[in-house]
Each structure stands twice: as structure tokens, then as C-alpha cells.
Amino acid sequence: MSEKILRAKGIVKKYGKQEVLHNIDLTLEPGKIYGLIGRNGAGKTTLLSILSAQNPAASGEICLGEEPVWENPGALQHIFFSREISPNGAADSSGLKVKDYLEMAEAYLPKWDKKMAEKLVELFHLDRKKKTMKLSKGMLSMLSIVLALASKADFTFLDEPVSGLDVVAREQFYRLLLEEFTETGRTFVISTHIIEEAADLFEEVIFLHEGRILLKENTQELLEHCIYVSGRAEEVDQAVQGKELHHQETLGRSKGVMVRLREGETLEKTEGITLQPVNLQKVFVALCGGEAG
Amino acid sequence: MQELLNQEKSIYLQIREMIEQDILRDILLEEERVPSTNELAKLYAINPATAAKGVNLLVDEGILYKKRGIGMFVASGAKEAIRKKRRERFFENYVKGMLTEAANLGISKEELIEMIAWEQGGNENE
């Protein structure tokens with residue numbers, strides 16, 4: 001297992017004239033599960049494809065350890081981005097069967113674990129002879145999960161791996177992921193819209209908002225620093241004075257607001273106010289929901 | 001160890017409390033090995049680092065201890081230590097909240113004491 005860090009420096013990406021990623025700096029440490037969370041169009045898929053050198057950046061650089069990864073097979077064998085497989089994707093791929101994907105993975109991925117892939121294909125009841133264009137959305141997700149887990153790449157990225165999966169299959173995936181992670185210590189970056197279920201899996205979360213990294217923080221610490229304060233408006237205002245506030249809402253005399261404490265800050269509990277913990281989904285909505293605090 | 005996690009409290013604090021609870025209930029005995037952080041992580045579908053954080057709090061308090069290369073064990077005297085700790089927090093965790101709510105409702109101290117005495121007396125009559 002490589003102990004190298006994957007680092008993005010000053011990544012800018014443009015599609016035509018539109019800049020979709022603005023000067024992104026990001027450090028991914030070995031042996032962590034990261035959650036990549038952002039709204040539709042925030043740039044998650046683009047970022048993952050650039051980190052894995054499947055897509056060129058307009059400027060900036062991705063390095064594994066000291067080595068730039070672009071057109072560098074030596075570095076790229078450690079990085080694998082399991083893209084969402086689209087049923088009606090590129091015309092040249094729509095006729096491919098499940099087994100074609102598995103064979104391609106075997107040919108291209110140096111650390112491919114064939115045994116594991118076969119076990120997972122069986123577990124998910126994937127029909128190897130079926131064309132991917134005939135697979136349901138959930139089945140396509142399963143195939144991309146098989147590719148990701150069996151790739152054995154030190155840095156493995158999954159884009160919406162649970163989309164279309166039913167709740168049983170999702171829990172199955174979370175367990176498989178943890179099993180693989182605890183056995184190997186590979187690094188995973190997982191983008192998801194189903195935040196709450198997966199929140200406890202992520203050691204760190206990365207919020208991507210409108211092409212910028214809004215935060216990258218230890219999940220548990222982030223949650224401890226975010227507190228919902230409510231009560232009589234004047235008393236709430238007094239308690240949260242000088243703090244970073246998000247998502248203020250007033251109703252009559254009462255008021256609620258999410259406070260994000262800075263390092264070392266505390267919040268005094270007083271008689272007239274209620275302090276409540278906030279879950280990751282609420283934190284995300286408060287920070288990326290558009291209404292400035 | 002099979003309680004469900006909720007969202008009221010940090011996950012690692014819940015892991016700590018569940019291990020404590022199992023020690024109090026003799027589900028985990030003193031000088032016995034506790035599940036590893038990887039086992040806890042898989043059981044609860046949580047990140048192993050989070051599980052480790054909960055376990056390490058108990059190591060810091062001397063309730064669990066590490067045997068190098070083998071795992072985590074319940075320290076001898078752990079059960080008594082947990083009871084002592086919880087007794088100290090009993091006022092903060094239960095009595096204070098009860099007093100605040102009683103004050104909100106205009107229940108006097110005398111009435112409160114009467115309720116407690118009545119509850120205990122009631123049990124005797126049954």
C-alpha cells in the first residue's frame with residue numbers, strides 16, 4: 001500500500017467559455033474515506049475525472065507524492081475513477097455487455113482482483129451476458145461498484161455509487177466498502193446525494209459548491225461545531241453574537257439559527273434557549289442552500 | 001452492543017456509552033476482550049476512525065486497556081468506575097433537567113419531593 005498523498009494544486013477547468021472549477025486545492029491522504037458532497041452541477045464528477053487524469057485541466061496540476069499524474073502510467077495505476085455507467089452513453093459503448101466491462105477492467109487495471117469481482121457479480125446477481133443498455137439504474141450502479149472495489153487501486157473514486165440502489169443494496173454496499181477499507185486501508189472518495197445514510201462512513205467530508213471547495217473537515221468535528229440555536233429572538237441573538245451564522249429563520253418572537261463554531265469557540269447555554277445538534281444533511285443545506293446567513 | 005445509533009449525539013460518544021452499558025449489564029465482563037474498532041465499524045456501518053475515537057475515550061478513562069497485538073480489554077474495576085462516573089453525572093444529566101422543567105411548569109420543590117416519595121411508596125404497596 002502506497003503512503004503517498006494525492007494533491008491537486010490550482011485546478012481550473014473550463015467547458016468552452018464557462019469555468020466550472022475555480023482554482024481548486026485539495027489534499028487526499030492515504031487510508032481515509034472521503035465524502036464528496038455538492039449540489040447538481042457543483043463540479044463533483046469533473047473534479048473526480050481530473051483527479052484521475054481522465055480529463056485535462058485548463059491549469060493546475062495533480063501529483064501523487066511528487067509525481068504529476070497526467071499521462072503517467074506509473075502514478076495512474078494507483079488511481080481509479082469508477083464512473084457512473086450510463087445506459088445510453090456513448091454510442092460505441094452501449095452495445096457492451098457486463099462481461100465486456102469486466103474484461104476491460106482486467107486488461108487495464110494492474111491490480112484487478114478477478115476473484116473479488118466474480119464474488120461481487122454473484123452477490124449482486126449481475127447477468128454477465130446482459131448488455132449494459134438493458135440494465136436498470138441500480139444494476140448499473142452495482143457494476144460500477146464491482147469495478148471500483150475489485151480495482152484495488154490505492155485511490156478509488158466512486159461517483160454516486162448508490163444512485164438507483166434500493167435500501168438493502170445500499171446497506172450492502174456500505175458494509176462491503178467498510179470491509180474492504182478495514183482490510184486494505186485504501187483511500188476512497190465517494191460522491192453522494194444520499195448524505196445522511198453515508199455520513200458516518202466518511203472520516204472527512206468535502207463540500208463542493210459552485211466549483212469551489214467550501215470546506216474539507218473531519219465529519220465528527222464539523223458536526224460538533226454546528227449547533228442549532230432556537231428560542232426567543234433577543235435571547236438567541238445575544239447567545240450567538242459574533243458567531244458564524246447560517247440559515248436564520250424568524251417566526252413571530254421566536255428565532256432559529258445554525259451556528260458554526262470556529263476553532264476554540266463555545267456556545268453558552270442559557271435558560272431561555274435550546275441548543276440542538278444538527279445532522280450532516282442540515283449542515284450541507286445551511287451552507288450550500290443558497291441563502292446567505 | 002446491539003443498540004441502534006441515533007442522531008442526538010456524536011456517534012463516537014454513543015459507541016462509548018454502548019460499551020459502558022454492556023459492561024454495566026455484564027454483557028462484557030472485566031478482563032474480557034471488547035470488539036475491535038474494525039468490528040464495531042462494520043457492525044454499525046461507521047468509519048473505523050470514529051469507532052476508535054469512542055473506544056479511545058474509554059482507554060483514557062482507564063475503563064478499557066490495550067494489550068499489544070491482541071486488542072482492547074475491559075479493565076478490572078471498570079464496572080465500579082462507570083457507576084461512579086455516572087453517579088457523579090446523575091445530577092447534571094437527570095436532576096437538573098427535571099428541576100428546570102418543574103420550574104417551567106410551576107411545580108414546587110415540595111410537590112416534586114412528594115411525587116418521588118409517592119412513586120416509591122406506590123411500588124411498596126403493589
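Starting afresh in each chain, residues are numbered from 1 along the sequence in its written order. Labels follow written order: the first chain is A, the first ligand is 1, and so on. Per-residue local features of the predicted model are confined to residues with pLDDT of at least 70, and side-chain atom pairs are confined, for both listing and counting, to 80 or more; whole-chain, interface and lining totals are unaffected and use all residues.

**Quick look at the interface of chain B and chain A**
Our working rule: For the purpose of contact definition, each residue receives a C-beta atom placed from its backbone, and two residues are in contact when these atoms lie within 7 Å. Comment: elements are numbered from the N terminus, with helices defined as DSSP H or I runs of at least four residues and strands as E runs of at least two. Gly is placed with the polar residues, together with every amino acid not listed as nonpolar (Ala, Val, Leu, Ile, Met, Phe, Trp, Tyr, Cys and Pro) or charged (Asp, Glu, Lys and Arg).
Chain B puts 16 residues into the contact, and the matching count from chain A is 16 residues. Those elements that provide at least two residues to the side of chain B that touches chain A are helix H1 (11-24), helix H2 (37-44) and helix H3 (48-60) of chain B. A per-element tally of the side of chain B that touches chain A places H3 of chain B first, with four residues. In terms of residue class, the side of chain B that touches chain A is built from seven nonpolar, five polar and four charged.

**Section: the sheet that holds strand S10 (residues 212-218) of chain A**
Residue and element names in this part refer to chain A. Note the threshold: Here a strand pair is declared whenever DSSP counts at least two bridges between the two strands. Throughout, an axis means a line fitted to C-alpha atoms (over the contacting stretch in the case of helices), and angles, computed between N-to-C directions, take values from 0 to 180 degrees.
One open sheet accounts for six strands, arranged S6-S7-S8-S3-S9-S10; its pairing is mixed. Unpaired on one side and paired on the other, strand S6 (79-82) and S10 mark the two borders of the sheet. Neighbour-to-neighbour, the strand axes of the sheet open up by a mean angle of 15°, direction not taken into account. Bridging between strand S3 (residues 33-38) and strand S9 (residues 204-209) involves five bridges; their strand directions are parallel. When the sheet's bridge partners are listed, Gly38 is paired in S9 with Leu208. Contacting S6 and strand S7 (155-159), helix H5 (residues 137-151) runs over the sheet at an angle of about 170° to S6.

**Focus: the environment of Val257 of chain A**
All names here are of chain A. Our working definition: Burial is judged by counting other C-beta atoms within 10 Å of a residue's own C-beta: 20 or more means buried, 12 or fewer means exposed, and anything between counts as partly exposed, with every C-beta placed from the backbone.
Tracing the backbone shows Val257 in strand S13 (residues 254-260). Classification of Val257 as buried rests on a count of 22 C-beta atoms within 10 Å. As for Val257 and His247, which are separated by 10 residues in sequence, their C-alpha atoms are 5.8 Å apart. Apart from the residues lying within four places of it in its own chain, the contact partners of Val257 are Val229, Val236, Val240, Leu245, His247 and Gln248.

**Comments concerning the domain arrangement of chain A**
All names here are of chain A. For clarity, the threshold we go by: Residue ranges labeled as domains rest on an automatic or database domain assignment.
Taken domain by domain, chain A consists of domain 1 (6-210) and domain 2 (226-288). The distance between the C-alpha centroids of domain 1 and domain 2 comes to 36 Å. Taken residue by residue, the interface counts eight residues in domain 1 and six residues in domain 2. If one sorts the elements of the side of domain 1 that touches domain 2 by residue count, S9 sits on top with three residues. Its residues assigned to classes, the side of domain 1 that touches domain 2 comprises five nonpolar, one polar and two charged.

**Re H1 of chain B**
Basically, it comes down to this: One less than the number of residues in a helix, times 1.5 Å, gives the span that helix is expected to have.
Its 14 residues give H1 of chain B an end-to-end C-alpha distance of 20 Å, which sits within 8% of 20 Å, the value for a rise of 1.5 Å per residue. Buried within H1 of chain B are the following residues: Ile11, Tyr12, Gln14, Ile15, Arg16, Met18, Ile19, Glu20 and Ile23 of chain B. In this structure, the buried residues of H1 of chain B make contact with helix H8 (219-225) of chain A together with H2, H3, strand S2 (71-74) and helix H4 (78-105) of chain B. Of the residues trailing H1 of chain B, Asp26 of chain B is marked for its positive phi of about 60°.

**As for the sheet that holds strand S2 (residues 18-28) of chain A**
The strands making up a sheet associate through hydrogen bonds between their backbones, and the pairing can be parallel or antiparallel. All names here are of chain A. The four strands lie next to each other as S2-S1-S4-S5, forming an open sheet whose pairing is antiparallel. Strands with a single pairing partner mark the edges of an open sheet, and in this sheet they are S2 and strand S5 (67-68). In the sheet, strand S4 (residues 59-64) pairs with S5 via two bridges, with the strands oriented antiparallel. The residue bridging Cys63 from the neighbouring strand is Pro68, located in S5. Here helix H1 (residues 44-51) sits on the sheet in contact with strand S1 (6-15), S2 and S4, set at roughly 125° to S1.

**Some thoughts on unusual backbone geometry**
Peptide bonds are trans in most cases, and residues, glycine excluded, mostly fall at negative phi. A positive phi angle, near 55°, is found at Ala53 of chain A, a position not held by glycine. Note that Ala53 of chain A resides in the loop between H1 and S4.

**Re the nonpolar core**
Counted only if it meets this: Joined through C-beta atoms within 7 Å, a set of buried Ala, Val, Leu, Ile, Met, Phe, Trp, Tyr and Cys residues constitutes a nonpolar core.
Ranked by size, the top nonpolar core spans 102 residues in total, and within it Leu143 and Val146 of chain A carry the most contacts. With 10 residues, the top contributor of residues to this core is H5 of chain A.

**A closer look at the pairing of S6 of chain A**
Residue and element names in this part refer to chain A. Neither face of S6 is open: one carries Ile79 and Phe81, the other Phe80 and Ser82, and all of them are buried. Where S6 and S7 come together, four bridges link them in parallel fashion. Residue pairing for S7: Ile79 is matched across the bridge by Phe155.

**Description of the environment of Phe207 of chain A**
Within the secondary structure, Phe207 of chain A sits in strand S9. Through-space distance from the C-alpha of Phe207 of chain A to that of Leu47 of chain A is 12 Å; in sequence the pair is 160 residues apart.

**With respect to the environment of Leu26 of chain A**
All names here are of chain A. Residue position: Leu26 is located in strand S2. Sequence separation between Leu26 and Arg7 is 19 residues; the distance between their C-alpha atoms is 5.8 Å. Sequence-distant contacts of Leu26, defined by excluding residues within four places in its chain, comprise Ala8 and Ile213.

**What about helix H3 (residues 98-108) of chain A?**
All names here are of chain A. Stated formally: Here the arc refers to the directions that run from the helix axis out to each C-beta atom.
Buried residues of H3: Val98, Tyr101, Leu102 and Ala105, and no others. Within H3, the buried residues cover an arc of 100° as seen down the axis, which keeps them to one side. Among the exposed residues of H3, those pointing more than 90 degrees away from its buried face are Ala107 and Tyr108.

**So, the packing of H1 of chain B against H4 of chain B**
All names here are of chain B. Rules: Handedness of a helix crossing follows the sense of rotation of the near helix relative to the far helix, less than a right angle counterclockwise being left-handed and clockwise being right-handed.
Their axes nearest at 9 Å, the elements H1 and H4 cross at an angle of 115°. In terms of crossing hand, the pair formed by H1 and H4 is left-handed. Of H4, the residues touching H1 (which contributes Glu20, Ile23 and Leu24) are Ala78, Lys79 and Ile82. Among the residues making up the contact of H1 with H4, the classes are represented as four nonpolar, no polar and two charged.

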